[in-house]
Amino acid sequence: MTSTAAAPPPPRAYRRLSVEERRAQLLVAALGLFAHRAPDEVSLDEVAVAAGVSRPLVYRYFPGGRQQLYETALGSAADELKLCFTEPPAGPPTERVARVLDRYLRFVDEHDTGFSALLRGGSVVETSRTTSIVDGVRRAAAEEILSHLGRIGGADAGGRSAGPRLRMMVRSWIAAVEAASLIWLDEGKRPPAAELRGWLVDHLIALLAATAATDEETAAVVRDLLALETPGGPAGRLARLVIPVVADAAHLLAPAPAAD
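Here's what I pulled together on the structure shown here.

Cut-offs used in this document
- Sequence order as written defines the numbering, with residues in each chain counted from 1.
- Note on the predicted model: pLDDT of at least 70 is required for a residue's local features to be given, and 80 or more for side-chain atom pairs to be given and counted; whole-chain, interface and lining totals, by contrast, use all residues.
- As a rule here, side-chain values cover all heavy atoms of the structure and leave hydrogens and water aside.
- Numbered from the N terminus, helices here are DSSP runs of H or I no shorter than four residues, and strands are runs of E no shorter than two.
- Three exposure classes are used, based on accessible area relative to the maximum for each residue type with a 1.4 Å probe and protein chains only: buried under 20%, partly exposed in between, and exposed over 50%.
- We call two residues in contact when some of their heavy atoms are within 4.5 Å.
- In the analysis that follows, any N or O atom pair within 3.5 Å is treated as a polar contact, provided that within protein one partner can donate a hydrogen and the other can accept it, and provided that, for residues neighboring in sequence, both atoms belong to side chains.
- To obtain each axis, a line is fitted to C-alpha atoms, and for helices this fit is confined to the stretch in contact; angles are then taken between N-to-C directions over 0 to 180 degrees.
- If an angle is under 35 degrees, it is roughly parallel; if it is over 145, roughly antiparallel; if it lies from 65 to 115, roughly perpendicular; otherwise it is oblique.
- When the near helix sits turned anticlockwise from the far one by under a right angle, the crossing is termed left-handed; a clockwise turn instead gives a right-handed crossing.
- Each patch is built from residues lacking any salt bridge and having more than 30% relative accessible area; the joining distance is 9 Å for like charges and 5 Å for nonpolar side chains (Val, Leu, Ile, Met, Phe, Trp, Tyr).
- With residues, only the protein chains shown are counted as cover, and all accessible areas are computed by Shrake-Rupley using a 1.4 Å probe.
- Any carboxyl oxygen of Asp or Glu within 4 Å of a side-chain nitrogen of Lys or Arg constitutes a salt bridge here.

With respect to the environment of E46
No. 1: Relative to the helices and strands, E46 resides in helix α2 (residues 44-51).
No. 2: Given the relative accessible area of 29%, E46 is considered partly exposed.
No. 3: Sequence separation between E46 and A29 is 17 residues, and the spatial gap between their C-alpha atoms is 9.0 Å.
No. 4: Each residue touching E46, except ones within four places of it in the same chain, is listed here: L33, R37 and E41.
No. 5: In this structure the side chain of E46 is engaged in a polar contact, spanning 2.9 Å, whose partner is the backbone nitrogen of S43.

A few points about the packing of helix α8 (residues 164-186) against helix α9 (residues 193-212)
No. 1: Where α8 meets α9, the axes come as close as 10 Å, and the angle between the chain directions of the two elements is 155 degrees. Between α8 and α9, the interaxial angle falls into the category roughly antiparallel. For the element pair α8 and α9, the recorded crossing hand is right-handed. In this structure, α8 contributes R165, L166, M169, W173, A176, V177, A180 and W184 to the contact, and α9 contributes A193, L196, W199, L200, H203, L204, L207, L208 and T211.

Observations regarding the packing of helix α4 (residues 65-84) against helix α5 (residues 93-110)
No. 1: Relative orientation of the contacting elements α4 and α5 amounts to 150 degrees, with a least axis distance of 8 Å. By the angle between their directions, the pair α4 and α5 is classed as roughly antiparallel. For the pair α4 and α5, contact is made by A77, E80, L81, L83 and C84 and by V100, R103, Y104 and F107, respectively.

Remarks on a nonpolar patch on the surface
No. 1: A cluster of nonpolar side chains, namely L241, V242, I243, V245 and V246, defines an oily patch on the protein surface of about 450 Å² accessible area.
No. 2: Mapped onto the secondary structure, L241 falls in helix α11 (residues 234-246).
No. 3: Residue L241 is classed as exposed on the basis of its relative accessible area, which comes to 51%.

Shape is all these values report; function is a separate question.
Structural data, given as structure tokens:
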């Protein structure tokens, strides 16, 4: 009698990963753990299990242990975060910034615990190198925002460089975005990301306006920016909301009394 049992499936062909492929596999596994756990709480055993490899293999690629693995994973995440701020120079500037913030907040959402632990510091794996990586992201973000405002790097760069007041304002805004992101995580990701993004764009516009009042360079940036904006964009929407409010301040425009 002939057996009708199904023949076992042929064994899957084993493909040895190249050095770069294996390293990338371990980094993906580590990033998945660091995204939702504080770095102090992630062990190499857990990384090995997540990657489906042995612990000695993790050490072979990262002989410095968890510290080296974390710094490398952090560098990879930093490169991804920098890309969030890259946006083609087309269309109204505030709409570009809105798209940048959408990507940034998506990154924060997907890396919630790791992002919080990273920016708050205090980790046992925090070093001058990890601090430098984080600061590099902040500086890269500021340069990208300045480029959307029609300015470039420091005073030694060619073209229209950003002066100290404008640079300080943009870096202050970047710090405010970070702080708002951490508060957003603490508050259970409320309000919705789109609402937070809109508020952060409004914050940038308000900072630009306040700085323009006493800094001619920033005033020129604001004039150029407004010329590119549309009634339906963030700047137009904010103008419609703010003008009725500030109209109540007309009495403040009276000449100040002369000093005795």
